[in-house]
Amino acid sequence: MKLLKTTLKKLEENYDRITLFNEDNFVLNFLKKFKGTYLNYFEVGSGLGRFPLSLLKLYPEFSFSGVEINEELARATNLKGLQTINENFLNFYGSEKEYELVHCSHFIEHFRYPEIHDCLNKLAALTKIEGYLIIRSPLFHPLFYRDIDHERPYPPECILDFFSNVQRQKVSPFSFSEVA
């Protein structure tokens, strides 16, 4: 039984490492065009600050702020020099259209209907016109519900539809298009 647990743990660690590496590289490659440009960057659900720290290392000209619901994680990111507010994002009152770049990773799957509408609209409201909203969310995989507060996976088409398809129960007043 111990060997099985050890093997499972190694598989999970390898999966996480590969997934995070591949996901981060896609976003980092997209942001290369902003090298040397000041961007007001907001991280939603900043966690331990792993991604913001790697991003700011490559783009020190970005101005960072973030929000994190977990008090210990917010404290840890602040100790690392990342200005992070300890707040539930749905209660966060940032200035509308304040950020050129709004990023969240493995965040929206923690919301269920209808709170997901409020979450997506708040993300959109913080993003400047001509700005970028980057949402990374896990798709369904065997370990998805192992995280006790995962509500459901949101495929990219689902998110884009919320911002564009008028034949939904609720449609966002904001408009976004996919950029690759």
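Definitions and limits used
- Every chain's residues receive numbers from 1 upward, in the order its sequence appears when written.
- Reporting of local features is limited, given that this is a predicted model, to residues whose pLDDT is at least 70; pairs of side-chain atoms are given and counted only at 80 or more, and all residues count toward the totals for whole chains, interfaces and linings.
- Hydrogens and waters are ignored; side-chain quantities use all the structure's heavy atoms.
- Runs of E in the DSSP output that reach at least two residues are strands. Runs of H or I that reach at least four are helices, and both are numbered from the N terminus.
- The globule rule used for comparison is 2.2 Å times the number of residues to the exponent 0.38, while the radius of gyration itself is calculated over C-alpha atoms.
- Any pair of residues with heavy atoms lying within 4.5 Å of one another is described as a contacting pair.
- Residue burial is assigned from relative accessible area. The probe radius is 1.4 Å, only protein chains are included, and a residue is buried under 20% of its type maximum, exposed over 50%, and partly exposed in between.
- Should DSSP find at least two bridges between two strands, the strands are regarded as paired.
- In this analysis, axes come from line fits to C-alpha atoms, helices being fitted only over the stretch in contact, and the angle between any two N-to-C directions falls in the range 0 to 180 degrees.
- We score Asp and Glu as negative and Lys and Arg as positive, and we do not count His or the chain ends.
- Between Lys or Arg on one side and Asp or Glu on the other, a salt bridge is scored when a side-chain nitrogen of the former is within 4 Å of a carboxyl oxygen of the latter.
- Throughout this description, the term nonpolar core refers to a set of buried Ala, Val, Leu, Ile, Met, Phe, Trp, Tyr and Cys residues connected via side-chain atoms within 4.5 Å.

### Overview of the overall build of the protein
A tally of regular secondary structure across the protein gives five helices and five strands. For 180 residues, the compact-globule formula gives about 16 Å, and the C-alpha radius of gyration of the protein, at 17 Å, lands near that figure. Once local pairs closer than 6 in sequence are excluded, the contacts in the protein between residues at least 24 apart make up 64%.

### Things to note about unusual backbone geometry
A cis amide bond, omega 5°, links Y113 with the succeeding residue P114. Phi angles above zero are rare outside glycine, and E130 is one such case at about 70°. As for its placement among the helices and strands, E130 is situated in strand 5 (residues 127–136). Its relative accessible area of 74% is what places E130 among the exposed residues.

### Some words on the sheet that holds strand 3 (residues 84–86)
Here we have five strands laid out as an open sheet, ordered 3-2-1-4-5, and parallel in their pairing. With partners counted over all chains shown, the strands left at the sheet margins are strand 3 and strand 5, one partner each. The average angle at which neighbouring strand axes cross in this sheet is 15°, direction not considered. Two elements, strand 1 (residues 40–44) and strand 4 (residues 99–105), share four bridges in a ladder whose sense is parallel. When the sheet's bridge partners are listed, E43 is paired in strand 4 with H103.

### What about the pairing of strand 5?
Here strand 4 runs beside strand 5; their pairing, made up of six bridges, is parallel. Note that in strand 5 the partner of C104 across the bridge is I135.

### Looking at the side chain of K122
Of note, K122 is situated in helix 4 (residues 115–126). No salt bridge is formed by the buried K122; its nearest oppositely charged neighbour, E96, is found at 8.1 Å. Apart from residues no more than four positions distant in its own chain, K122 is found in contact with F89, L90 and F92.

### A look at the pattern of salt bridges
Pairing is possible between side chains of opposite charge, provided their charged atoms come close. One pass over the full model with this rule turns up five salt bridges. For the salt bridge of D24 with R136, the shortest nitrogen-to-oxygen distance reads 2.8 Å. Taken as a pair, D24 in helix 1 (residues 2–31) and R136 in strand 5 lie far apart in primary sequence, 112 residues in all. Where salt bridges share partners, they join D24, R50 and R136 into one cluster.

### Digging into the nonpolar core
In terms of nonpolar packing, the biggest core is built from 24 residues, with F42, V44, F89, I108 and L123 touching the most fellow members. Of all the secondary structure elements, the ones that give two or more residues to this core are strand 1, strand 4, helix 4 and helix 5 (156–164). A total of seven residues in this core trace back to one element, the largest contributor, which is helix 4. Not counting residues up to four positions away in its chain, the partners in contact with V44 are V67, F89, V102, H103, C104, S105, F107 and L123. Membership of the second largest hydrophobic core comes to 16 residues, among which are L39, F51, Y59 and L82.

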